[in-house]
Amino acid sequence: MTKKNTKIEKQKPILSVNGLKVHFFTDEGTVKAVEGASFDVLAGRTLGIVGESGCGKSVATRSLLRLVDSPGKIVDGEIIYRGDANKKEINITSLKTSGSDIKSIRGGEISLIFQEPMTSFSPVHTVGNQIIEAIKLHKKLNKDDAKGLTLDWFKRVGMPDPEQRMNQYPWQLSGGQRQRAMIAMALCCDPKIVIADEPTTALDVTTQAQILDLLKELQEENGMSIIFITHDLGVIAEISDDVSVMYLGNIVESASVDEIFHSPKHPYTTGLLNSIPSITNKNRERLPTISGSIPHPHNRPSGCTFRNRCQNPSDDCREGKIEMKLIEVSPGHFVDQCCINCG
Amino acid sequence: MSSESNIEKVDNINSEERVSVASQGQLIWWRFRKHKLAVFSAILLLLLYLTTLFAEFFATSDPLESEAFRGLIQPQPIHFFDEGKLSPHVCAMEGTRDPYTYKKTYKPNCDKKTPVEFFTKGYEYEWLGLIPMDRHLIGVPEGYLAEEHIFLLGTDIQGRDMWSRIWVASRLSLSIGLVGVTLTLIFGISLGGISGFYGGFIDTIIQRIIEIIRAVPTIPLWMALSAAMPFSWSIVQIYFSITLIISLFAWTDLARVVRGRFLSLREEDFVTAAVLSGANERRIIFRHVMPSLYSHIIAAVSLAIPLMIISETALSFLGLGLQAPAISWGTLLQGTQNVQSVALYKWLMIPAFPVVGSILLFNFLGDGLRDAADPYSD
Amino acid sequence: MTTKNKKDDSPILEVTNLKKYFPIQKGIFKKIVGNVRAVDGVDFSINKGETVSLVGESGCGKTTTARCIMRALDPTSGEIKFKTKNNEIIDLSKLSKDEVRPYRDDIQMIFQDPFSSLNPRMTLFDIVGEPLLVNGMKAKKEREERVSEIMHQVGLRPEYMMRFPHAFSGGQRQRIGIARALSINPSLIVADEPVSALDVSVQAQVLNLMMDLQDQLNLTYLFVSHDLSVVSQISDRVIVMYVGKIVESGTPKQIFESPKHPYTSALLSSVPKADPRLRQERIVLKGEVANAADPPSGCTFRTRCPNPTDDCRDGNIEMGLIEVSPGHWVDQCCVNCG
Ligand SMILES: Nc1ncnc2c1ncn2[C@@H]1O[C@H](COP(=O)(O)OP(=O)(O)OP(=O)(O)O)[C@@H](O)[C@H]1O
Ligand SMILES: Nc1ncnc2c1ncn2[C@@H]1O[C@H](COP(=O)(O)OP(=O)(O)OP(=O)(O)O)[C@@H](O)[C@H]1O
Ligand SMILES: [Mg+2]
Ligand SMILES: [Mg+2]
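Time to look at the environment of A:Met324. All names here are of chain A. If you trace the backbone, methionine 324 turns up in the loop between helix H13 (315-318) and strand E11 (326-330). Take methionine 324: its relative accessible area is 18%, and that puts it in the buried class. C-alpha separation for the pair methionine 324 and phenylalanine 154, spaced 170 residues apart in sequence, amounts to 45 Å.

Right, let's get into the interface of chain A and chain C. Between chain A and chain C, the residue contacts involve 44 residues of the former and 45 residues of the latter. Note on chain A versus chain C: buried area summed over both sides is about 3900 Å², and carbon and sulfur give 51% of it. Taken as a group, A:Ile279, A:Arg284 and A:Arg286 account for 23% of the area that chain A buries against chain C, more than any other trio of residues on that side. Joining chain A to chain C, the criterion identifies two salt bridges. In this assembly, chain A and chain C are joined by 15 residue pairs in polar contact (both at pLDDT 80 or more). When the residues that make up the side of chain A that touches chain C are grouped by side-chain class, the tally is 19 nonpolar, 15 polar and ten charged.

In this section: helix H6 (residues 200-215) of chain B. Residue and element names in this part refer to chain B. With 16 residues, H6 extends 23 Å from end C-alpha to end C-alpha; this agrees with the ideal 22 Å at 1.5 Å per step. Turning to H6, its buried residues are Asp203, Ile206, Gln207, Ile210 and Ile213. Around the axis of H6, the buried residues are gathered within 125° of arc, so they sit on the same side. Set apart from the buried face of H6 by more than 90 degrees, the exposed residues are Phe201, Ile212 and Ala215.

Two quantities define a packed helix pair, namely the angle between the helix axes and the distance between the axes. Residues and elements named next belong to chain A. Where helix H5 (residues 127-139) contacts helix H6 (residues 143-156), the axes come no closer than 9 Å and their chain directions differ by 120°. When the axis of H5 is compared with that of H6, the two are oblique. Viewed along their axes, H5 and H6 form a crossing whose handedness is right-handed. Contacts between H5 and H6 pair Val127, Gly128, Asn129, Ile131, Ile132, Ile135, Lys136 and Lys139 from the former with Lys143, Ala146, Lys147, Leu149, Thr150 and Phe154 from the latter.

Tallying each qualifying case throughout the model produces zero disulfides over all chains. You can see A:Cys189 has no disulfide; the closest cysteine sulfur is in A:Cys188, sitting 3.6 Å from it.

Okay, the site of ligand 2 next. Residues and elements named next belong to chain C. As a matter of local geometry, ligand 2 sits amid Phe22, Ala38, Glu57, Ser58, Gly59, Cys60, Gly61, Lys62, Thr63, Thr64 and Glu193. Between ligand 2 and glycine 59, the relevant distance is 2.7 Å, taken from an oxygen atom to a main-chain nitrogen or oxygen of the residue. Contact with the protein chains removes 60% of the 640 Å² of surface that ligand 2 exposes when unbound. With three residues, the single largest contributor to the shell around ligand 2 is helix H1 (residues 62-69). When its residues are assigned to classes, the shell around ligand 2 shows three nonpolar, five polar and three charged.

For the rest of this paragraph, the subject is the nonpolar core. By size, the foremost hydrophobic cluster in this structure holds 74 residues, and its most contacted members are B:Ile242, B:Phe262, B:Ile284, B:Ile305, B:Ile309, B:Trp329 and B:Trp347. Counting residues per element, this core draws most heavily on helix H8 (residues 235-266) of chain B, which supplies 13 residues. Counting only domains with at least three residues in this core, you end up with domain 1 (56-159) and domain 2 (165-372) of chain B. If near-sequence neighbours (up to four positions away) are discounted, B:Trp347 is found in contact with B:Leu72, B:Ile73, B:Gln74, B:Pro75, B:Leu153, B:Gly154, B:Thr155 and B:Met162. One finds C:Leu124, C:Phe125, C:Val147 and C:Leu198 within the second-largest nonpolar core, a separate group that totals 42 residues.

Okay, the sheet that holds strand E10 (residues 245-250) of chain C next. Backbone hydrogen bonds hold the strands of a sheet together, and the pairing may be parallel or antiparallel. Residues and elements named next belong to chain C. Taken in spatial order, the eight strands make up an open sheet running E6-E7-E8-E3-E9-E10-E12-E11, and their pairing is mixed. The open sheet is flanked by strand E6 (107-110) and strand E11 (321-325), the only strands paired with a single partner. Recorded for the sheet is a direction-independent mean angle of 25° between the axes of neighbouring strands. Pairing analysis gives five bridges linking strand E7 (residues 188-192) to strand E8 (residues 220-224), with the strands arranged parallel. In the sheet register, aspartate 192 faces E8, and the bridge partner there is valine 224.

A word on the domain arrangement of chain B. All names here are of chain B. For chain B, the domain assignment lists domain 1 (56-159) and domain 2 (165-372). Placing a centre on the C-alpha atoms of domain 1 and another on those of domain 2 gives a separation of 37 Å. Listed per partner, the contact involves 13 residues of domain 1 and twelve residues of domain 2. Interface of domain 1 and domain 2: buried area, both sides summed, is about 1200 Å²; carbon and sulfur atoms make up 70% of it. Per-residue buried area on domain 1 facing domain 2 is highest for Pro63, Leu72 and Leu153; these three make up 37% of the total on that side. Where domain 1 meets domain 2, there are one salt bridge. For the salt bridge of glutamate 56 with arginine 171, the shortest nitrogen-to-oxygen distance reads 3.0 Å.

Attention now goes to the site of ligand 1. Residues and elements named next belong to chain A. If you check the shell around ligand 1, you find 15 residues, and the closest are Ser53, Gly54, Lys57, Ser58 and Val59. Between valine 59 and ligand 1, the recorded distance is 2.8 Å, taken from a backbone N or O atom to an oxygen atom. Calculation on ligand 1 without its partners gives an accessible area of 640 Å², and the protein chains cover 70% of this total. When contributions to the shell around ligand 1 are tallied by element, the ones reaching two or more residues are strand E1 (15-26) and helix H2 (57-63). Per element, the largest residue contribution to the shell around ligand 1 is three residues, and it comes from H2. By residue class, the composition of the shell around ligand 1 is six nonpolar, five polar and four charged.

What counts, and where the lines are drawn
Note that residues are indexed from 1 along each chain, following the sequence as it is written. Chain A is the first chain written and ligand 1 is the first ligand written, with later ones labelled in order. Only residues with pLDDT of 70 or above have their local features reported here, since the model is predicted, and side-chain atom pairs are shown and tallied only from 80 upward, although totals for entire chains, interfaces and linings are computed over all residues. Processing note: side-chain calculations cover all non-hydrogen atoms of the structure and skip hydrogens and water entirely. Secondary structure counts use DSSP, requiring at least four H or I residues in a row for a helix and at least two E residues in a row for a strand, with both numbered from the N terminus. Between buried and exposed lies partly exposed: a residue is buried under 20% and exposed over 50% of the maximum accessible area for its type, with that area taken using a 1.4 Å probe on protein chains only. We call two residues contacting when some pair of their heavy atoms lies within 4.5 Å. A quick way to say it: buried area is the sum, across both parts, of accessible area lost when two parts are put together, with a 1.4 Å probe. What makes a salt bridge here is a side-chain nitrogen of Lys or Arg within 4 Å of a carboxyl oxygen of Asp or Glu, nothing more. Here a polar contact is taken to be a pair of N or O atoms separated by no more than 3.5 Å, where protein atoms must pair a possible hydrogen donor with a possible acceptor and residues adjacent in sequence count only if both atoms sit in side chains. Gly falls in the polar group here, along with every residue not listed as nonpolar (Ala, Val, Leu, Ile, Met, Phe, Trp, Tyr, Cys, Pro) or charged (Asp, Glu, Lys, Arg). Any helix carries an expected span of 1.5 Å times its number of residues minus one. Of all possible arcs, the one meant is that of the directions from the helix axis to the C-beta atoms. Lines fitted to the C-alpha atoms define the axes, with helices restricted to the stretch that makes contact. Angles between their N-to-C directions range from 0 to 180 degrees. Orientation is classified from the angle alone, with under 35 degrees giving roughly parallel, over 145 giving roughly antiparallel, 65 to 115 giving roughly perpendicular, and any other angle giving oblique. It is the rotation of the near helix from the far one that decides the hand of a crossing: anticlockwise by less than a right angle makes it left-handed, clockwise makes it right-handed. The disulfide criterion is simple: two cysteine sulfur atoms within 2.5 Å. Proximity is defined per residue: if any heavy atom of the residue lies within 4 Å of a molecule or strand, that residue is considered near it. Methods summary: accessible areas were calculated by the Shrake-Rupley approach with a probe of 1.4 Å, and residue burial reflects only the protein chains presented. Among buried residues, the Ala, Val, Leu, Ile, Met, Phe, Trp, Tyr and Cys ones that are joined through side-chain atoms within 4.5 Å form a nonpolar core. By convention here, the domain bounds are inherited from an automatic or database domain assignment. For two strands to be treated as a pair, DSSP must find at least two bridges joining them.

What follows is the structure, encoded as structure tokens:
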């Protein structure tokens, strides 16, 4: 890991998200699902995005592929993709949602792994055929080559009995097998970035461990970047190189995984870390909790969104006078400016 | 730490938040309100049903009164002004018989005017079959001849006023939908519910029955059943048998939906929770399962009513449903069964408009309702 | 550390050789072609005031065990001896659905899914008050008092009583579920993955609440979970299940610090540690989980065991727990292969 750190340091991120805002214009009002999130994805590394349910993780990452559902719109911010050193930068926010540019990025350059693979596979085709179709579309291969490649990928993702599984329907596979098939589908076109949206949340620990190992192995082979979304800090510690902590549509802290777990600066990060039960904890000890609960996205507090749960906010912050903005407190460690001193 | 401090921590934020305490009904209403077309249709339908209660009040002449010498008069417009003065009247229709075809044709003769009055005294009727009344919205004063009357939509071959007949017909035609749907609901919910809740052998039997009914072609069976009705039956008896026949088919759809919901609700955690707290079957069915079905029932009803109206019209049109002297939109349309009348007496087809109109309104309403009815869908 | 008021040693629940087979039906005639042995001979007991946890992979039969004890399912065979409030010992497995009803107020359940477990069409008062109502508390005033008392106890404002569940967050809904379970003063609570659907910070609040309530009300918990860190936090005893059978049981210390069964060790090593410095090699089990419809003879774990004995590999050793140290039981085939 340390080896990786030094090597990557100076390189330009493969994907930079700056001040992304995604709003949902519903009948009940505007839901500011993402409100000025910024993060970078470095080549060949894994960025973990953590945060509680509803904080906007999925919406933020789906906007990277322009896959925001209908009342939702990207209202501000830019997403710069630098897929190739020799090609020029692409600003994804300026592409048309259904144009050919974004279609060639989807699946080809950036691909998605979902939490529930059942919903992303069609139940009426065999998993093999669905992957073959994807390969034919993106790599312009003929059927036999595509089939061979699919089989190859089934072997690489550790699918037991790959030949037989190719001819099975998604519902005939177990949860772990379906997730492997999903990963094969996401990786078959050699994407530069893989977005894994809670890929292991529906699985039990042993299967989860296998999938995490698999992703790490494949990353070592292919050198792709992974954006790994989860609310499980254990999984984050396990798989990521860098971590961004998200709270109510903003990134409130981002740093290398070691910094986040060993010198967190933001009170929300600290709170999350403290509330994880651990096998090494004393039995029947009460867990420290973050007081209060997440405000409803309809009524986001002004200024710092965390201020009403903060243990010791500064006076200005308490009144909502300080805007949220990440500032660098030590090399590579960014924290929201209101909360630098209240962690 | 005590749980005391915990309370404050968890809830002080949410007390600021204005969380709604809306019940199912309110949520449905809020959603429904947004469908402008559906709300509009609902209002119109409500008005329509209200007016059927006062059908005779809107009628201008006795819908059953036939006069051979005033047959097939074309619609007569009301003139509101007479030489610049407000004085509503219609021009009298003068019939001349074509010497070659013996066809009688009418021409308005505006020299002979029949004044039109509002809230006038007209033919006598019993409102809702109970209270004797003789007031009408519009009409001609007493003392005018039968052919000097006002025929807003013309007359049929027997000289009966179409306008009045359509109003009176709407009562039967629109109510047949409601009565039929009530029967459908009773059959559909009870049989579907029993099937889904108890499962096993009963379920298998009911499901087979439904399959058999659905396998029978509808029209021939309708025809057979209607043909089997004795001629001696009164209008009321025929009316109820027709609704029964129509709902005989409609309930199977509802029963399937209800069964499916019962089956899935039986496995819901909140139903299990109720069972585990010791609730008996009656409570489970009526407190937990049935309320979750309302939205499906609303959806089914909004589809079933227009279907019933159409079915009745179709049956009566074919001469298999209600028979004269009963007046329904279907029996009125019987008059258009030959090409001649379509070509020459176009106004005889006017009863088709209320049929199409009311069915459209029901469909618009149904769309809105189905959308609003499941407030927990997301 | 919190202290418990009293813990006596007499079991409140004693499960003996519990089995639940689900028939596998085929064709239009629903012919039974086999059985899924979801729970296949499970024995354990729970003492008053204790928290006993059931852990294991998905599909190993945890929920089925819990539901059999609740009699939401009818067990295929076995005994479920339960000590009621009046110290009467009854066998729940032998009673019919109607005969169980009077004892329902003594065992209650907390569900995993905070959304599907609350009827969206009922107010909190109706939800939490339902067990009271069906168990004979007809007076509305009395119920209101009890509901507001219990809501206060689980950390919800009694003013929320007339709200509908859709106005609450996942964590609050889970509190409502707990309030419903507690409203009729049960002595045993079966909690099926009560915190699995919750975020970490909310999960910690709910776990704390459950521990507090246990201390205050001297409750007994059967806690079902696949999350070993949660289990280690809350339990007095841990039972590890694998394909319908118990393979190891003991105190959290015994299970987490010196696991004897290779499956337990593998499970433990799969738990992600919330510390990047502790990334470690995992014990990866080879092979597939045994099929509960067609389990192998002898030890069900032998197909994945890293070093089975010869006898065990051939399926000659029957499964059965033996006590390796006081209170620490391990399946006999695997005592020496961990
Ligand atoms: N189609 C939509 N319409 C309206 N609001 C939406 C829609 N999709 C998402 N949102 C809102 O956007 C916010 C962020 O949602 P998002 O799915 O990104 O959360 P998340 O962090 O992925 O949570 P989880 O961990 O539960 O997956 C939520 O408050 C949600 O209510
Ligand atoms: N109603 C049922 N009919 C048939 N098989 C069933 C039924 N319920 C459960 N099973 C089977 O019984 C086995 C045990 O299921 P159970 O739900 O008890 O597992 P679990 O340990 O609770 O798993 P999870 O962690 O996924 O909740 C599984 O193989 C499951 O497929
Ligand atoms: Mg998400
Ligand atoms: Mg379960």
